[in-house]
Amino acid sequence: MIELNVNIDHVATIRNARGGKEPDPVTAALKAELAGANGIVCHLREDRRHINDRDLRLIKETISVKLDLEMAANEEIIKIALETKPTMVTIVPEKRQELTTEGGLNVVADIAKYKDLVSIFHDKDIFVSFFIEPEREQIEATLTTNADMVEFHTGVYANCKTKKELKDEIKRLSTAIDFAQKNALKIAAGHGLNYQNTYAIAQLPNINELSIGHSIISRAIFVGIEQAVKDMLKIIREAELISNIQNLRKEVKH
Ligand code: PXP
């Protein structure tokens with residue numbers, strides 16, 4: 001079963017627009033959990049543009065499902081992560097000027113640094129994932145660091161304009177998923193997934209988790225966060241079911 005991890009950062013973005021207390025990302029996290037989310041994701045950025053230290057602390061204390069802290073390999077944030085002890089961390093690249101995380105982490109460029117980082121987190125029993133492009137060399141580098149998981153960046157997929165682009169990107173993702181799975185990495189995917197494009201991704205075999213934020217929080221403005229989470233879960237479950245039936249049919253034919 002594919003797990004849905006809901007990123008609540010943009011609840012904090014709305015709160016921060018006025019600098020007050022509402023809407024509270026902690027309430028959003030709890031409501032997402034009650035609606036069936038398997039995990040809560042938040043990104044503590046160096047510039048604190050969405051969630052802040054208080055949010056992270058209270059979310060950790062409040063939720064019962066897994067907490068995935070997205071973070072850059074930055075000294076201050078590493079210290080906070082080690083103190084907070086989320087279930088897992090997802091290491092992402094972070095640029096101050098970007099609107100959102102723009103590309104995957106370049107693990108190849110600094111394998112030794114990332115290997116040390118994995119070991120620091122493993123010492124505290126914190127599971128480690130790297131947010132990477134679906135490319136073989138990045139997966140190989142991730143394996144060298146002893147990380148537990150990869151999250152494949154679906155931003156290129158989400159921005160595809162033509163059927164040919166879509167086909168090529170799904171092929172690139174499937175090849176990467178296959179290679180990561182054969183090498184015993186847990187596999188997540190995320191970025192830019194919405195109510196239109198998640199179905200095809202959830203049909204790919206061997207994805208363990210999806211990390212989705214902006215589209216769910218956007219829908220929540222109109223239907224409420226519980227309904228928005230349930231609507232996304234329905235898409236994922238349907239895609240999995242159809243994919244399982246198709247695979248069974250193939251097996252029966254052979
Ligand atoms: N996964 C990672 C690593 C991300 O950085 C983000 C964006 O914060 C997401 C998933 C969720 O992307 P979106 O908000 O587009 O669903």
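Basis of the calculations
- Residues numbered from 1 in each chain as written.
- Predicted model: local features only at pLDDT ≥ 70, side-chain atom pairs only at ≥ 80, totals over all residues.
- Heavy atoms only, no water.
- Helix = DSSP H or I, 4+ residues; strand = E, 2+ residues; numbered from the N terminus.
- Buried < 20%, exposed > 50% of the residue type's maximum accessible area, 1.4 Å probe, protein only.
- Lys, Arg positive; Asp, Glu negative; His and termini not counted.
- Salt bridge = Lys/Arg side-chain N within 4 Å of Asp/Glu carboxyl O.
- Polar contact = N/O pair within 3.5 Å; in protein donor to acceptor, adjacent residues only side chain to side chain.
- Phe/Tyr/Trp six-rings, centres within 6.5 Å; stacked < 30°, edge-to-face > 60°.
- Lys NZ or Arg CZ within 6 Å of the ring centre and 35° of its normal.
- Near = heavy atom within 4 Å.
- Areas by Shrake-Rupley, 256 points an atom, 1.4 Å probe, with all protein chains shown as cover.
- Nonpolar A, V, L, I, M, F, W, Y, C, P; charged D, E, K, R; others polar.

**Q** Would you take a moment to explain unusual backbone geometry for this structure?
**A** When glycine is set aside, most residues are seen to have a negative phi, and most peptide bonds are trans. Omega for the peptide link from Glu22 to Pro23 comes to -5 degrees, which places this bond in the cis form. Inspection of the secondary structure puts Pro23 in the loop between α1 (9-18) and α2 (25-34). Even without glycine at this site, Lys85 takes up a positive phi of about 55 degrees. In this fold, Lys85 is placed in the loop between α4 (75-84) and β4 (88-91). One non-glycine residue, Asn146, adopts positive backbone phi at about 70 degrees. One can find Asn146 in the loop between α6 (136-145) and β6 (149-153).

**Q** Mind showing me how you'd approach the side chain of Glu70 here?
**A** Residue position: Glu70 is located in strand β3 (residues 66-71). Despite its burial, Glu70 pairs with no opposite charge, the nearest such side chain being Arg45 at 7.0 Å. Of note is the side chain of Glu70, whose polar atom sits 3.4 Å from the side chain of His43.

**Q** Hey, could you run me through the packing of aromatic side chains in this one?
**A** Between two aromatic rings, the relevant description is the distance of the centres plus the angle of the planes. Applying the stated rule across the entire model yields 1 aromatic pair. Here the aromatic rings of Tyr114 and Phe130 are separated by 5.5 Å at their centres, their planes lie at 70 degrees, and the arrangement is edge-to-face. With Tyr114 in helix α5 (residues 111-123) and Phe130 in strand β5 (residues 127-132), this residue pair connects regions lying 16 residues apart in the sequence. For Phe130, a relative accessible area of 0% gives the class buried. The side chain of Arg136 reaches across the aromatic face of Phe179, ending 4.0 Å from its centre. We note Arg219 situated over the ring of Tyr195; from NZ or CZ to the ring centre the distance is 3.6 Å.

**Q** I would appreciate a short explanation of the site of the ligand in the present structure.
**A** By nearness alone, 12 residues border the ligand, and Glu70, Glu151, Gly192, Gly213 and His214 come closest of all. At 2.5 Å, a side-chain N or O of Glu151 approaches a nitrogen atom of the ligand. For the ligand, the accessible surface in isolation is 400 Å², of which the surrounding protein chains cover 94%. Across the shell around the ligand, the residue classes break down as 3 nonpolar, 7 polar and 2 charged.

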